[in-house]
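Understanding the architecture of this molecule
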Amino acid sequence: MAIIKDINQKVHGIDKRKFRNSIGDLADQLRLIEQKITMGTDNSIDFNYQERQKEVNRMYASVQKITKRKKKNTDKLLMSNYTPKAKKRLS
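The model shown is predicted, which means the values in this text are computed figures rather than measured ones.

What counts and how
Residues numbered from 1 in each chain as written. Predicted model: local features only at pLDDT ≥ 70, side-chain atom pairs only at ≥ 80, totals over all residues. Heavy atoms only, no water. Helix = DSSP H or I, 4+ residues; strand = E, 2+ residues; numbered from the N terminus. Buried < 20%, exposed > 50% of the residue type's maximum accessible area, 1.4 Å probe, protein only. Areas by Shrake-Rupley, 256 points an atom, 1.4 Å probe, with all protein chains shown as cover. Salt bridge = Lys/Arg side-chain N within 4 Å of Asp/Glu carboxyl O. Patch = residues over 30% accessible without salt bridge, like charges linked within 9 Å, V, L, I, M, F, W, Y side chains within 5 Å. pLDDT = per-residue confidence, 0-100.

The secondary structure content of the chain amounts to 1 helix and 2 strands. Helices and strands in the chain line up, N terminus first, as β-β-α. Counting every position in the chain, which comprises 91 residues, the buried fraction comes to 1%. Per element, the accessible surface of the chain, about 9,500 Å² overall, is 60% carbon and sulfur.

Here it is as structure tokens:
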């Protein structure tokens, strides 16, 4: 024969329903805390990633400018511009 226990039965002087509701409230608070921590961490990671990406893009642009300047300067300083050109043979 099965024994049916009342939902409001007290264990160690604590009402089961109140205890269950308190545990549920604590679980909800923990979920909110976890969500806030997760969002804060995600935002921090995203911000730091964006800052590093901007830094990489600035460095890349600087390297491109230096490369273009260097290429222009080397084109002007080719030795062929300063040496007399050989005459063509007529043969």
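Read on for the rest.
To continue, consider the pattern of salt bridges. Between side chains of opposite charge, pairing is possible as soon as their charged atoms come close. Evaluated as defined, the whole model comprises 3 salt bridges. One salt bridge in this structure joins E51 and K54, with 3.7 Å as the shortest N-O distance. In this pair, E51 and K54 are both assigned in helix α1 (residues 16-76), 3 residues apart and thus about one turn of the helix distant.

Once that is clear, we can look at a nonpolar patch on the surface. Residues I14, F19, I23 and L26 make up a contiguous nonpolar surface patch of roughly 380 Å² in combined accessible area. When residues of the nonpolar patch are assigned to their parent elements, the largest contribution, 3 residues, is made by α1. With respect to the helices, strands and loops of the structure, F19 is situated in helix α1.

Further remarks concern the confidence of the model for the chain. The share of residues in the chain with pLDDT of 70 or more is 67%, and the mean pLDDT across the chain is 81. Mean pLDDT across the elements of the chain ranges from a minimum in strand β1 (residues 10-11), with 66, to a maximum in α1, with 91.

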